Amino acid sequence: MSNISHTGRDVSGHTGRDLSGHPDAEEMRARHDRVMGGGRTTAGADAPVFLLGLYCAVSPWVLHFTASQPSLVTHNLVIGIAIAVLALCFTAMPERMTGMSMAIVALGAWLIVSTWIVGQSPDMGVVLNNVIVGGLAIVLGAACAGLSMKNKKKT
């Protein structure tokens, strides 16, 4: 294969190091912004939502209620994984997940209410854990939804 780099030309026939005159410069800038997430401001909320989901998933073992509330163990594991997966998807594809950010809010509300629905007379530690984690999910999910709507209006 021959080395054509010494000619100073690219495949479009453009010469020089300055790309401003390149025929595809605008398209390359737009693609770069899309790939790099140009202008996206939800990154600050995605990581806490992901960590909250991970904590929710492992909280039965952290608080040691695996023996007293076996149904809540499975429940918190599934809800925590769902929150973490939504956060990952929201990070990876924010433009496609704007409508799903309210699902985090719904999961947070369900986590609060389900403590009494799924659990069998839960103790105060389990109640506080699920209420705090659910409340944080509601707040962070609403923040993600608000930021994604704000970003959607900009574009």
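Located above this text is the structure these notes cover.
Since we're looking at a predicted model, the values are computed, not measured.

Student: Give a description of helix 3 (residues 70-92) that names residues and reports values.
Tutor: For helix 3, spanning 23 residues, the distance from its first C-alpha to its last is 33 Å, which sits close to the expected 33 Å at 1.5 Å a residue. Regarding helix 3, the residues found buried are L72, V73, H75, N76, I79, G80, I83, A84, L86, A87 and F90.

Student: Explain a nonpolar patch on the surface to me, using residue names and the numbers behind them.
Tutor: A cluster of nonpolar residues, V58, W61, V62, L63, L77, V78, I81 and V85, forms a patch on the protein surface that exposes about 660 Å² of accessible area. At the level of elements, helix 2 (43-62) and helix 3 are the ones that each hand at least two residues to the nonpolar patch. Its place among the elements puts V85 in helix 3. Using a relative accessible area of 42% as the deciding quantity, one classes V85 as partly exposed.

Student: Run through helix 4 (residues 101-118), naming residues and quoting values.
Tutor: With 18 residues, helix 4 should cover 26 Å at 1.5 Å per step; its first-to-last C-alpha distance of 24 Å lies within 8% of that length. Where helix 4 bends most, the angle comes to about 35 degrees, and this point is I112.

Student: Talk me through the side chain of Q69; I want residue IDs and the actual numbers.
Tutor: Residue position: Q69 is located in the loop between helix 2 and helix 3. The class of Q69 is buried, set by a relative accessible area of 2%. Once residues within four sequence positions are removed from consideration, Q69 is found in contact with G119, Q120, S121, P122 and V126.

Scoring rules and cut-offs
Here the residue numbers are simple positions, counted from 1 along each chain's written sequence. Two thresholds apply to this predicted model, a pLDDT of at least 70 for residue-level local features and 80 or more for giving and counting side-chain atom pairs, whereas whole-chain, interface and lining totals are computed over all residues. Heavy atoms throughout the structure, all of them, feed into the side-chain values; hydrogens and water do not. Helix and strand definitions here come from DSSP, where helices need a minimum of 4 consecutive H or I residues and strands a minimum of 2 consecutive E residues; each element is numbered from the N-terminal end. Multiplying 1.5 Å by the residue count of a helix minus one yields the expected span of that helix. Each residue's exposure class comes from its accessible area (1.4 Å probe, protein chains only) as a fraction of the maximum for that residue type: buried when under 20%, exposed when over 50%, partly exposed otherwise. A patch consists of residues whose relative accessible area exceeds 30% and which take part in no salt bridge; residues with like charges are grouped when within 9 Å of each other, and nonpolar side chains (Val, Leu, Ile, Met, Phe, Trp, Tyr) when within 5 Å. Here, Shrake-Rupley sampling with a 1.4 Å probe gives the accessible areas, and only protein chains in the shown set may cover a residue. A pairing counts as a salt bridge when a side-chain nitrogen of Lys or Arg comes within 4 Å of a carboxyl oxygen of Asp or Glu. What the bend at a residue measures is the angle between two axes, fitted to the seven residues ending there and to the seven starting there. Any two residues having at least one pair of non-hydrogen atoms within 4.5 Å are treated as being in contact.

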